[in-house]
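Listed below, chain by chain, are the residues.
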Amino acid sequence: MDVSQHYREAWEGYWSATSDTPGEAIWDSDPSLTSVPHTELLLPHADTSLPVVDLGCGNGTQTRYLATRFARAIGVDLSHSAVEQARRADTEGVAEFAQLDLVDAEAVAALRERIGDTNVYMRAVIHQSEPGARAAVAAAVAALLGERGRAFVTEPTPASKEVLQQVAQGPDGPPEKLRRVLAHGLKPADATEEEVRRLLGETGLTTLAEGATALAQTEYLPDGTRVALPARWFVLGPRATAAGGVG
């Protein structure tokens with residue numbers, strides 16, 4: 001299985017048009033608002049001597065933080081331009097980056113074979129994937145964990161669409177960062193909470209912890225309030241894992 005050429009070109013076009021300036025992507029918030037609190041939720045369940053793979057790493061902002069908490073951090077993304085931007089931004093060489101199509105099961109298996117059991121960080125990837133590819137994206141998480149890895153997965157809920165509509169209906173229309181997302185045909189908040197939960201469960205993953213959150217964005221409402229998208233987070237382990245501990 002592979003993603004459609006249209007989807008691949010949409011993301012390549014988006015990242016090609018996005019500068020290296022931190023925060024230029026609407027979701028490129030500082031780690032203090034994203035991967036820092038997310039990691040605190042994951043760490044009680046995870047073995048930090050294992051690597052961590054950041055799925056859909058984009059320009060690598062979160063991957064570089066994850067490299068400070070795990071023995072090894074690898075960021076992967078469908079877009080070649082995103083991976084190149086991530087490498088340029090990693091001036092200290094703390095992480096590794098590679099192009100990877102998450103629905104290519106053979107490529108995912110090859111990564112798993114190369115690095116062994118690994119932890120996974122995935123922020124807002126299922127919701128914008130093509131409907132027919134979402135099960136494969138969830139399966140990639142399970143395949144990478146093996147027996148000892150743990151995953152942190154967070155996805156916007158449909159309520160995020162209302163927030164984005166509010167942002168888009170400003171006096172001047174959608175702000176530039178959101179306009180660029182829409183112009184490239186990307187569809188934020190396109191999966192329901194029930195679908196995400198079902199897809200993760202069907203891979204054989206066990207939910208060790210979950211809760212509600214909001215994903216901070218780099219755009220602001222006219223009154224200066226930071227845009228934040230309602231979301232759900234999950235800490236996941238292999239089916240045989242006893243909840244709350246590392247097997």
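Residues numbered from 1 in each chain as written. Predicted model: local features only at pLDDT ≥ 70, side-chain atom pairs only at ≥ 80, totals over all residues. Heavy atoms only, no water.

Structural notes on the packing of aromatic side chains
Then step 1. Per the stated rule, a full pass over the model turns up seven aromatic pairs.
Then step 2. When the centroid spacing of 5.3 Å and the interplanar angle of 85° are considered together, the rings of Y14 and W15 count as edge-to-face. Like Y14, the residue W15 is buried in the burial classification.
Then step 3. On the basis of an interplanar angle of 15° and a centroid distance of 6.0 Å, the ring pair of Y121 and F152 is categorised as stacked. Taken together, the positions of Y121 in strand β4 (residues 119-123) and F152 in strand β5 (residues 151-156) put the pair 31 residues apart, joining distant regions of the chain. (Phe/Tyr/Trp six-rings, centres within 6.5 Å; stacked < 30°, edge-to-face > 60°. Buried < 20%, exposed > 50% of the residue type's maximum accessible area, 1.4 Å probe, protein only. Helix = DSSP H or I, 4+ residues; strand = E, 2+ residues; numbered from the N terminus.)

Quick look at the pairing of β5
Then step 1. In terms of burial, β5 is a largely internal element, six of the six residues being buried.
Then step 2. Both faces of β5 are covered, namely the face carrying A151, V153 and E155 and the face carrying F152, T154 and P156.
Then step 3. One ladder, built from four bridges, connects β4 with β5; its direction is parallel. For V120, the partnering residue across the bridge sits in β5 and is A151.
Then step 4. Taken together, β4, helix α6 (residues 134-145) and β5 constitute a β-α-β crossover, and its handedness is right-handed. (Pairing = 2+ DSSP bridges. Right-handed = clockwise from strand over helix to strand, strands pointing away.)

Focus: the nonpolar core
Then step 1. Among the nonpolar cores identified, the biggest contains 54 residues, and L55, V120, M122, V141 and L200 are the most heavily contacted of them.
Then step 2. Top element by residues in this core is α6. It accounts for eight residues.
Then step 3. Apart from residues no more than four positions distant in its own chain, L55 is found in contact with V76, L102, V120, Y121, M122, R123, V125, V141 and L144.
Then step 4. Listed in part, the 18 residues of the second largest apolar core include F70, A73, A86 and A95. (Core = buried A, V, L, I, M, F, W, Y, C linked by side-chain atoms within 4.5 Å. Contact = heavy atoms within 4.5 Å.)

Focus: the confidence of the model for the protein
Then step 1. Summarising the model, the protein shows a mean pLDDT of 93, and 96% of its residues fall at 70 or more.
Then step 2. The model gives residues 241-247 a pLDDT under 50, and that stretch makes 15 contacts with residues more than four places away or in other chains. (pLDDT = per-residue confidence, 0-100.)

Describing the pattern of salt bridges
Then step 1. Applying the stated criterion to the full structure yields 16 salt bridges.
Then step 2. Between R72 and E96 there is a salt bridge whose closest N-O contact spans 2.6 Å. One end of the pair, R72, is in the loop between α3 (61-66) and β2 (73-77); the other, E96, is in strand β3 (residues 96-99), and 24 residues separate them in sequence.
Then step 3. Judged by its relative accessible area of 29%, R72 is partly exposed.
Then step 4. Here E193 and R232 are joined by a salt bridge, their closest N and O atoms 3.8 Å apart. Separated by 39 residues along the polypeptide, E193 in helix α9 (residues 193-202) and R232 in strand β7 (residues 226-238) bring together distant segments of the chain.
Then step 5. The class of E193 is partly exposed, set by a relative accessible area of 25%.
Then step 6. Here the salt bridges share partners, and the residues they tie into one network are E24, E176, R179 and R180. (Salt bridge = Lys/Arg side-chain N within 4 Å of Asp/Glu carboxyl O.)

So, the packing of helix α5 (residues 105-115) against α6
Then step 1. Two numbers describe how α5 lies on α6: the axes approach to 9 Å, and their chain directions differ by 20°. In terms of orientation, α5 and α6 fall into the roughly parallel class. As α5 packs across α6, the resulting crossing turns out to be right-handed. The residues of α6 that touch α5, namely those facing V108, L111 and R112, are A140, A143 and L144.
Then step 2. Looking at the contact of α5 with α6 residue by residue, the classes come out as five nonpolar, no polar and one charged. (Axes fitted to C-alpha atoms, helices over the stretch in contact; angles between N-to-C directions. Parallel < 35°, antiparallel > 145°, perpendicular 65-115°, else oblique. Left-handed = near helix turned anticlockwise from the far one by under 90°. Nonpolar A, V, L, I, M, F, W, Y, C, P; charged D, E, K, R; others polar.)

Re the environment of Y220
Then step 1. By the secondary structure assignment, Y220 is in strand β6 (residues 205-220).
Then step 2. C-alpha separation for the pair Y220 and I26, spaced 194 residues apart in sequence, amounts to 9.9 Å.
Then step 3. If we ignore the near neighbours within four places in the chain, the residues touching Y220 are T225, R226 and V227.
Then step 4. Polar side-chain contacts of Y220 include one of 2.9 Å to the side chain of R226. (Polar contact = N/O pair within 3.5 Å; in protein donor to acceptor, adjacent residues only side chain to side chain.)

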